[in-house]
Amino acid sequence: MYVAEVVEEHHDRPERKKRLGILFWICVGWIALNVVGAIFANVLPIQNPLFQNYATVNAGPSLHHFLGTDDLGRDIFARIVYGSRVSIEVSLGAMLIGFGLGAPLGMLAAYRRGKFDTILTAVMYIFLAFPAIIATIAVLSFWTPRSLLKIIIVVGIASIPLVYRVIRSATMNFATRDFVIAAKVQGATDRRIMVKELLPNIAPVGVSFLLIGIATVVTLEGALAFLGLSVNPPTPSWGNMINESLSILQQNPWLAIFPSLAMCLFLLCLNFIGDRLRAHFEVSEAKL
Amino acid sequence: MLIAIVFIISVGAFYLIHLLPGDPAVVILGTGDSPVNRARLYKELGLNKPILEQYFVWIKNVLHGNLGTSFISETSVWGTIKTALPIDVEIIVLSQIVAFATAIPTAMVSARRPDGPLDRILGAGSFTLLSIPSFVIIVLLVLFVAIKLGVPHTGVSSYVSLGQDWVANLESLALPSFTLAIGSFVVYYRVLRSDLIATLQEEYITMARSKGLSQRRIMWRHAFRPSSVALLGTAGVNIGGLLAGGFIVQYLLSIPGLGYTLIQSIGLSDYLVVQGIVLVVSVGVILINFAFDLLINIVDPRISRE
C-alpha cells in the first residue's frame, strides 16, 4: 500500500487543491436537497406516498405524476422523497453508533498504546475477519420483529471495527508528534490533548471515511431491502421500491429506473464529495 | 492466527442462536416445530446440557463434516451446501476472468499518460461505475438484455445447470457474472493504475526505456509484476466479498447458489442451513484471503523477508 501513497502525493496538482470546483458544490447542493426533502417531506406539497389510486396504475411520467405511478397507483416521486428518509436515517444512525464508539476507542488506543491497544486491536481485527454482511443478515433475519432501530443498531455495531481501524491509524500519525509532546509537557490533560490537539488533525480522514461509510450503508440498506430485511412495506425505501419493481419490470420499467437513479445520484455525489475532500486535504486513498 | 480466527468464527456461528431472544429450540425448528422434531433436536444438540458442552458436541460434528439435518427439508445441510457452492464458484471465476482481462490493459493504457485525456475519461467512467450498486446494475441488465433484447436464458428463474447444457448454463450465468465483473473491474483498475504510475517513475524503467525496449515490453515484463502486489491484496478481499456479498445478484435471478439458498432458508427460518452457510462462507473468505497473501509473497518475495 505504501506505493499508492507516493502516487497520490505526486499527482495532486496545486491547482486542484486550492479550489473544490463547481461540480463539488453541485454535489453538495444535491445532497442538501435530498436531506431537506427527507426532513420536510410532510410539509412539502407532494402527494401521499401511501395513497393508492387505482384509476392510474403503472402510469408513465405525466404532468400529474411527474415520475409516474407504481402498480398500486401510488405516486413514484412522493415515494422516492419519503424513501430517502429511510436511507438517510439508517446511514446517519449507523454512523453515529460506529463513530460514537469506534472513533474514541481508536483515538484512545493510538494515544495510550500499551496493553489496552494490543488487546483492543486484536479483538477488532478478529471482528473484521468475520464477513460483516453475512453477520448482519444472520442477526437481522432471526431478530424479529424488524424495525428501523434494529437495522441501525446492527449495521452500526458492524461498522465499529472499520471506524476503529481507520481512526486508530490516522491518530498514530500524530500521537508522537512534537506538538502533542509539547502539550503534554505543558501539563495538558489527556482529554484536552485528544480533543484540542489530535481531533482537528484526524478530522479530514474522519470526514472522508464518514462519507464512504454513508454511501456503503445506503447501498447496504438497498441490499437488505431486496432480502426483505429492511423496513416493512408499505413504507417506501429506495431498496424496497427497486425490489417491488422486479416482479413488474416488463409492464412498468419506470418503477425500476427512477428509484435506481435517485440512489445512484445520491451515491455518486457522496463519492465525489469524498474524493474532492481527500484531494483537498491530501488524505491518500490508501489510508482509508 | 488462521486457526484462532476460524475458532472464533465457529464460536460466533454457534452462539448466533443464543444471542437472540427467545427459546433456541423454537428458532431452530422454525416451521418444522413438532413434538417428534423437538425430541430429536434436544437429543442431537443436547440443548438441556450446559452451553459449553453443547458447543463441543456441535464442533465435533462439524469437524466430521456433519452440519446437521434440516428440520424443514429433511436433507443434510452439508449436502445442500455441496450442490449450491459450485454455482458460486463458477460465477466468481467467470467474473474474475472478465474483470482481470479488462482491468489490466485499461490500467496500463491509463498509466501510460496519467492525467491525459484517455486517463481522465477512464477515471470519470470508473468513478461513476463505482457509485452504482450491483443490484441496480443487474436490474437494468435484466431490463435491457433479457426483456428488451430477449436473449434466451438471461431472465429471472432461467438457470440451467452445467451438466444439462453448457451453452445455456453460460447464458444463464452471463448477467450475474458480468455484474460482479463490473464491480471488480473498477476496483482493480483504480488500484493497478495508481501503482503502475508509481512504478513507471522508478529508475530501472528509465533504464529499460533508454535501452530502447518497446512500451509493451516495459509494461508487461518490467512494470506489471512489481505493481501487482496491491492488486492481489485487493483481489483477495474483493473475491472474499463476492463470496459473502454476491448473493443479491443470485437471489434476484433465482440462481440456486449459496446466497440464494441462504435467503430461502432465512425465509423458512431453517436455522441449521443458515448456520452452516454462515460457517462455510466465513471460513471460505478467510481461506481466500490467506491464499492471496501467499500469492503476494510469491510475486514479491521481499515482503516475506522483511
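Sequence order sets the numbering: in each chain, residues are counted from 1 along the sequence as written. Starting at A for chains and at 1 for ligands, labels are handed out in the order in which the entities are written. The predicted nature of this model means local features are confined to residues of pLDDT at least 70 and side-chain atom pairs, given and counted, to a pLDDT of 80 or more, with totals for whole chains, interfaces and linings taken over all residues.

Brief notes about the overall build of chain A
The numbering of helices and of strands both runs from the N terminus, where a helix is a DSSP run of H or I of at least 4 residues and a strand a run of E of at least 2. Each helix and strand in chain A was counted, giving 11 helices and 0 strands. Along chain A, helices and strands appear, N-terminal first, in the series α-α-α-α-α-α-α-α-α-α-α. Whether a residue is buried, exposed or partly exposed is read from the other C-beta atoms within 10 Å of its own C-beta, which are placed from the backbone; 20 or more gives buried, 12 or fewer gives exposed, and intermediate counts give partly exposed. Counting across all 288 residues of chain A, residues that qualify as buried make up 43%. Excluding contacts between residues fewer than 6 apart, the proportion of contacts in chain A whose partners are at least 24 apart in sequence is 70%. Residues are treated as contacting if the C-beta atoms built from their backbones sit within 7 Å of each other.

Some remarks on the overall build of chain B
Within chain B, the secondary structure is distributed over 14 helices and 0 strands. Split into buried and exposed, the 306 residues of chain B put 40% on the buried side. Contacts in chain B between residues far apart in sequence, at least 24 positions, make up 68% of those at least 6 positions apart.

Things to note about helix α6 (residues 132-142) of chain A
Within α6(A), 9 of the 11 residues are buried, which leaves the element mostly enclosed by the surrounding structure. Those residues of α6(A) that sit buried are A132(A), I134(A), A135(A), T136(A), I137(A), A138(A), L140(A), S141(A) and F142(A).

Section: the nonpolar core
Counting 147 residues, the largest nonpolar core has V155(A), V163(A), F135(B), I138(B), Y188(B), L192(B) and V281(B) as its most contacted members. Filtering out sequence-adjacent residues up to four positions away, V281(B) remains in contact with P131(A), I134(A), L243(B), A244(B) and L258(B). Note on terminology: a nonpolar core is any set of buried Ala, Val, Leu, Ile, Met, Phe, Trp, Tyr and Cys residues joined through C-beta atoms within 7 Å.

A look at unusual backbone geometry
All names here are of chain B. Of note, D115 is a non-glycine position whose phi angle comes to about 70 degrees, a positive value. In this structure, S254 takes a positive phi of about 55 degrees despite not being glycine. Relative to the assigned elements, S254 resides in the loop between α11 (247-253) and α12 (258-267).

Here we look at the packing of helix α5 (residues 77-112) of chain B against helix α6 (residues 117-130) of chain B
Residues and elements named next belong to chain B. Interaxial angle, 0 to 180 degrees, is taken between N-to-C directions of lines fitted to C-alpha atoms, where a helix line uses only the stretch in contact. Packing of α5 against α6 brings their axes to within 7 Å, and their N-to-C directions diverge by 135 degrees. On the basis of the axis angle, α5 is oblique to α6. You can see that α5 and α6 cross each other, and the crossing is left-handed. Along its contact with α5, which presents T106, V109 and S110, the element α6 presents L118, D119 and L122. Considered class by class, the residues forming the contact of α5 with α6 number 3 nonpolar, 2 polar and 1 charged. Angle categories are assigned with fixed cut-offs, so that under 35 degrees is roughly parallel, over 145 is roughly antiparallel, 65 to 115 is roughly perpendicular, and the rest are oblique. We call a crossing left-handed when the near helix sits turned anticlockwise from the far one by less than a right angle, and right-handed when that turn is clockwise. Throughout this entry, Asp, Glu, Lys and Arg are counted as charged residues, while Ala, Val, Leu, Ile, Met, Phe, Trp, Tyr, Cys and Pro are counted as nonpolar. The remaining residues, Gly among them, count as polar.

Quick word on the interface of chain B and chain A
Contact residues are listed per partner, giving 40 residues for chain B and 33 residues for chain A. Elements that contribute at least two residues to the side of chain B that touches chain A include exactly α1 (2-19), α6, α7 (134-148), α8 (166-199), α10 (215-245), α11, α12 and α13 (271-299) of chain B. Classifying every residue of the side of chain B that touches chain A by side-chain character gives 32 nonpolar, 6 polar and 2 charged.

Details of helix α11 (residues 254-281) of chain A
Here a helix's expected span is defined as the number of its residues, less one, multiplied by 1.5 Å. The terminal C-alpha atoms of α11(A) lie 40 Å apart, and with 28 residues this matches the ideal 40 Å at 1.5 Å per residue to within 8%. Following α11(A) by one or two positions, E282(A) adopts a phi angle in the positive range, close to 55 degrees.

Here's the deal with the confidence of the model for chain A
Confidence of the predictor at the level of single residues is captured by pLDDT, which takes values from 0 to 100. Of the residues in chain A, 88% have a pLDDT of 70 or more, and the chain-wide mean is 80. Confidence drops under a pLDDT of 50 for residues 1-16 of chain A, and excluding neighbours within four residues, the segment shows 25 contacts in the predicted structure.

Examining the environment of S73(B)
Note on placement: S73(B) falls in the loop between α4 (51-63) and α5. Owing to 17 C-beta atoms within 10 Å, S73(B) belongs among the partly exposed residues under this scheme.

So, the confidence of the model for chain B
The share of residues in chain B with pLDDT of 70 or more is 88%, and the mean pLDDT across the chain is 81. Both confidence scores are given for the complex: pTM 0.80, ipTM 0.74.

Some details on the packing of α5(B) against α13(B)
Residue and element names in this part refer to chain B. Running from N to C, α5 and α13 cross one another at 55 degrees; their axes reach a closest spacing of 9 Å. Taken together, the axis directions place α5 and α13 in an arrangement best described as oblique. Remark: the crossing between α5 and α13 carries right-handed chirality. When α5 is examined against α13, the residues V77, T80 and I81 are found in contact with a partner set consisting of L272, V273, G276, I277 and V280. Tallied by class, the residues present in the contact of α5 with α13 amount to 6 nonpolar, 2 polar and no charged.

Thoughts on the environment of L148(A)
Residue and element names in this part refer to chain A. Within the secondary structure, L148 sits in helix α7 (residues 148-175). Residues L148 and E89, spaced 59 residues apart in sequence, show a C-alpha to C-alpha distance of 8.5 Å. Excluding anything up to four places from it in sequence, L148 contacts V86, E89, V90 and V231.

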